[in-house]
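Examining the three-dimensional arrangement
This is what each chain is made of:
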Amino acid sequence: MSHNRNSAPPRTVRDVVFVDGVRTPFGKAGDKGIYAGTRADDLVVKCIRDLLRRNPALPAERIDEVAIAATTQTGDQGLTIGRTAALLAGLPRSVPGFAIDRMCAGAMTAVTTTASGIAFGAYDVVIAGGVEHMGNHPMGAGADPNPRFMSERIVDPAALNMGNTAENLHDRFPAITKQRSDAYAAASQGKLAAAYGNGRIQQDLVPVATMKPGQGWTLNTVDEPPRPGTTVADLAELRTPFRPHGRVTAGNSAGLNDGATAALLASAEAAEELGLSVKMRLVSYAFAGVEPEAMGIGPVPATEKALKNAGLGIEDIGLIEINEAFAVQVLSFLDHFGIADDDPRVNRYGGAIAVGHPLASSGVRLMNQLARQFEEDPSVRYGITTMCVGLGMGATVIWENPHYAAVETTGATA
């Protein structure tokens, strides 16, 4: 029988759900950090194994893809880490995997890319995440930027240094002062400490045993970077390494960190079939480019695009998880949308200034925290995870709270 090319059945877009997410505790990069001597791929393996442990109803052979992001894809972060980590984690050899890079939005892109495959019908269940061992692989190590970037003035030289791009944002938005950035940073530390005190962070952390010569084995169960009790006065004393008399400091920026994340995504049908939990439903996502020398503004056009795609406005968003690469970057986003610095919708559990930012892994950390807040606050229907991305990009994903409809049917107000 001949095949009629016009007889293919029409495809329908399937709902994609966030089933679960985990991460390692984040560590400080460097010889004194908790992961000095630990391999990056082993951190990913810990996350994959813990996802399976937490979701025993999921047969490992039902996983259709493993997508793992890393910004510096060499050494223990190279060799197609999605595939190698899947094998090292003990997944069946029939489970494929790949690596992905969109710098800071690596894990977020791993999620959106595989989610698109689920929506299209290519996958039913996937694992998506990211890793960055900045101690083993400092940002930009081994990179060889094309000299045309400078000789042809394709980008401003500041675009190749993230701290300089943050100083540029301060220049562009003079209302965002150093004092305001410091106040935001101190608040982030306080919110994270409160979240730890309320048991909101620990639920999604994978304990990681590490060994250091002369120190023996240590079981790491909490993040290393936080500085609880940090005050604005403390931050005011820090030097400004990117510019004399500048405004960007180590205190109002995310640090150099090591860590890994992984999320379990599925089609709504597969989640129901396998009895998997549903923590969030994917609504929309978008990526956008901006001037590389002002990369921190990237979340603004990405969010506008994602909202337009979803038919929503910023007023419909009840929770915002925005990566805190720099305080000025967050504040420029808030100012654009008319949101107060201390709006309770924003980073309720604190952010990267406090907890750390292991580049390609951070997108799933945002999703974990949003999922916990959805569970905690069923009055919220929509939330976003958003972040700026090196070389001038932004990324935003809009999620729906699966607990919201239950609240509506009982007559509660949103």
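Residues numbered from 1 in each chain as written. Predicted model: local features only at pLDDT ≥ 70, side-chain atom pairs only at ≥ 80, totals over all residues. Heavy atoms only, no water.

Our focus in this paragraph is the overall build of the chain. Helix and strand counts for the chain stand at 13 helices and 12 strands. For 414 residues, the compact-globule estimate of 2.2 N^0.38 gives 22 Å, and the C-alpha radius of gyration of the chain, at 21 Å, lies within 12% of that figure. Seen through its principal axes, the chain has C-alpha atoms that stretch 75 × 55 × 50 Å. Expressed as a percentage of its 414 residues, the buried residues of the chain come to 56%. Once local pairs closer than 6 in sequence are excluded, the contacts in the chain between residues at least 24 apart make up 79%. Of the roughly 17300 Å² of accessible surface on the chain, a fraction of 53% belongs to carbon and sulfur atoms. Looking at charge distribution, the chain has the averaged site of its 36 positive side-chain charges lying 3 Å from that of its 44 negative ones. (Helix = DSSP H or I, 4+ residues; strand = E, 2+ residues; numbered from the N terminus. Rg over C-alpha atoms; globule rule 2.2 N^0.38 Å. Buried < 20%, exposed > 50% of the residue type's maximum accessible area, 1.4 Å probe, protein only. Contact = heavy atoms within 4.5 Å. Areas by Shrake-Rupley, 256 points an atom, 1.4 Å probe, with all protein chains shown as cover. Lys, Arg positive; Asp, Glu negative; His and termini not counted. Charge placed at Lys NZ, Arg CZ, Asp CG, Glu CD.)

Counting across every chain of the model gives 3 aromatic pairs. Residues Tyr-285 and Phe-287 carry aromatic rings whose centres are separated by 6.0 Å and whose planes lie at 70 degrees to one another, so their mutual orientation is edge-to-face. The exposure class of Tyr-285 is partly exposed, given its relative accessible area of 29%. In this structure, Arg-23 packs its charged tip against the face of Phe-26, placed 4.4 Å from the ring centre. When the ring centre of Phe-287 is taken as origin, the NZ or CZ atom of Arg-102, which lies over that ring, is 3.8 Å away. (Phe/Tyr/Trp six-rings, centres within 6.5 Å; stacked < 30°, edge-to-face > 60°. Lys NZ or Arg CZ within 6 Å of the ring centre and 35° of its normal.)

A contiguous nonpolar patch, built from Phe-149, Met-150, Ile-154, Leu-160 and Leu-391 and spanning about 420 Å² of accessible area, is present on the exposed surface. Examined against the element boundaries, Leu-160 turns out to sit in the loop between α4 (148-151) and α5 (162-172). (Patch = residues over 30% accessible without salt bridge, like charges linked within 9 Å, V, L, I, M, F, W, Y side chains within 5 Å. Salt bridge = Lys/Arg side-chain N within 4 Å of Asp/Glu carboxyl O.)

The next point concerns helix α10 (residues 327-336). Of all 10 residues making up α10, 8 are buried, and the element is well covered by its neighbours. All of the buried residues in α10 are Ala-327, Val-328, Gln-329, Val-330, Leu-331, Ser-332, Phe-333 and Leu-334. Residues of α10 that are buried sit in contact with α5, α6 (178-197), α9 (299-310), β10 (317-322), α11 (352-355) and β11 (382-389). At the exit of α10 stands Gly-338, carrying a positive phi of roughly 70 degrees.

Next up on the list: unusual backbone geometry. Phi at His-245 takes a positive value of approximately 55 degrees, unusual for a residue other than glycine. Here His-245 lies in the loop between α7 (232-236) and β8 (257-267). Given a relative accessible area of 82%, His-245 falls into the exposed group. In this structure, Leu-391 is a non-glycine residue whose phi angle is positive, near 65 degrees.

Each regular strand carries side chains that alternate between the two faces of the sheet. Burial of strand β12 (residues 393-400) is extensive: 7 of the 8 residues sit out of reach of the surface. Where strand β9 (residues 280-289) lies against β12, 8 bridges are found, and the strand directions are antiparallel. Residue pairing for β12: Gly-289 is matched across the bridge by Met-393. Two strands pair when backbone bridges link them, and β11 and β12 are joined in this way by 8 bridges, in the antiparallel orientation. If you follow Met-387 over to β12, its bridge partner there is Ala-395. (Pairing = 2+ DSSP bridges.)

Model confidence for the chain is summarised by a mean pLDDT of 94, while 95% of its residues fall at 70 or above. Throughout residues 409-414 the model reports pLDDT below 50, and contacts reaching past four residues in sequence, or to other chains, amount to 4 contacts. (pLDDT = per-residue confidence, 0-100.)

On to the nonpolar core, then. Here is a general trend for soluble globular proteins: nonpolar side chains tend to be buried in one another's company. Among the nonpolar cores identified, the biggest contains 39 residues, and Phe-18, Met-108, Met-280, Met-367 and Trp-399 are the most heavily contacted of them. Per element, the largest residue contribution to this core is 7 residues, and it comes from helix α3 (residues 106-120). Here Phe-18 is in contact with Ala-263, Leu-264, Leu-265, Ser-277, Val-278, Lys-279, Met-280, Met-367, Asn-368, Ala-371 and Trp-399, once residues within four sequence places are set aside. Listed in part, the 38 residues of the second largest apolar core include Met-162, Val-248, Ile-320 and Ile-398. (Core = buried A, V, L, I, M, F, W, Y, C linked by side-chain atoms within 4.5 Å.)

The next point concerns the side chain of Lys-178. Tracing the chain through its elements places Lys-178 in helix α6. Judged by relative accessible area, which is 13%, Lys-178 ranks as buried. Among all residues touching Lys-178, those that are not within four sequence positions of it are His-170, Leu-235, Ala-236, Thr-240, Gly-246, Arg-247 and Thr-249.

What follows covers the environment of Ala-193. For Ala-193, the position within the fold is in helix α6. Residues Ala-193 and Tyr-349 lie 156 residues apart in sequence; the distance between their C-alpha atoms is 8.1 Å.

Okay, the UniProt feature "domain: Thiolase N-terminal" (unreviewed entry) in the chain next. Per the UniProt record, "domain: Thiolase N-terminal" (unreviewed entry) is found at residues 16-268. The span residues 16-268 carries 31% helix and 19% strand; its end-to-end C-alpha distance comes to 6 Å. (UniProt positions renumbered as here; feature names shortened; annotations may be inferred.)

This brings us to the pattern of salt bridges. Under the criterion given, the structure shown has 25 salt bridges. Across the salt bridge formed by Asp-20 and Lys-279, the nearest N and O atoms sit 2.9 Å from each other. In this pair, Asp-20 is assigned in strand β1 (residues 16-23) and Lys-279 in the loop between α8 (268-274) and β9, connecting sequence segments 259 residues apart. Take Asp-20 and Lys-279: they sit in the same class, and that class is buried. In the salt-bridge network here, residues are joined through shared partners; they are Asp-20, Arg-54, Asp-204, Lys-279, Arg-372 and Glu-375.

Looking now at the UniProt feature "domain: Thiolase C-terminal" (unreviewed entry) in the chain. As recorded in UniProt, the sites labelled "domain: Thiolase C-terminal" (unreviewed entry) are residues 278-400. The straight-line gap between the two end C-alpha atoms of residues 278-400 is 11 Å; of that span, 33% is helix and 26% is strand.

This paragraph deals with the packing of α9 against α10. The N-to-C vectors of α9 and α10 enclose an angle of 45 degrees; their axes lie 9 Å apart at closest approach. Judged by the inter-axis angle, α9 sits oblique to α10. Residues Pro-299, Val-300, Thr-303 and Glu-304 of α9 touch α10, and the partners they reach there are Gln-329, Ser-332, Phe-333 and His-336. When grouped by side-chain class, the residues that make up the contact of α9 with α10 number 3 nonpolar, 4 polar and 1 charged. (Axes fitted to C-alpha atoms, helices over the stretch in contact; angles between N-to-C directions. Parallel < 35°, antiparallel > 145°, perpendicular 65-115°, else oblique. Nonpolar A, V, L, I, M, F, W, Y, C, P; charged D, E, K, R; others polar.)

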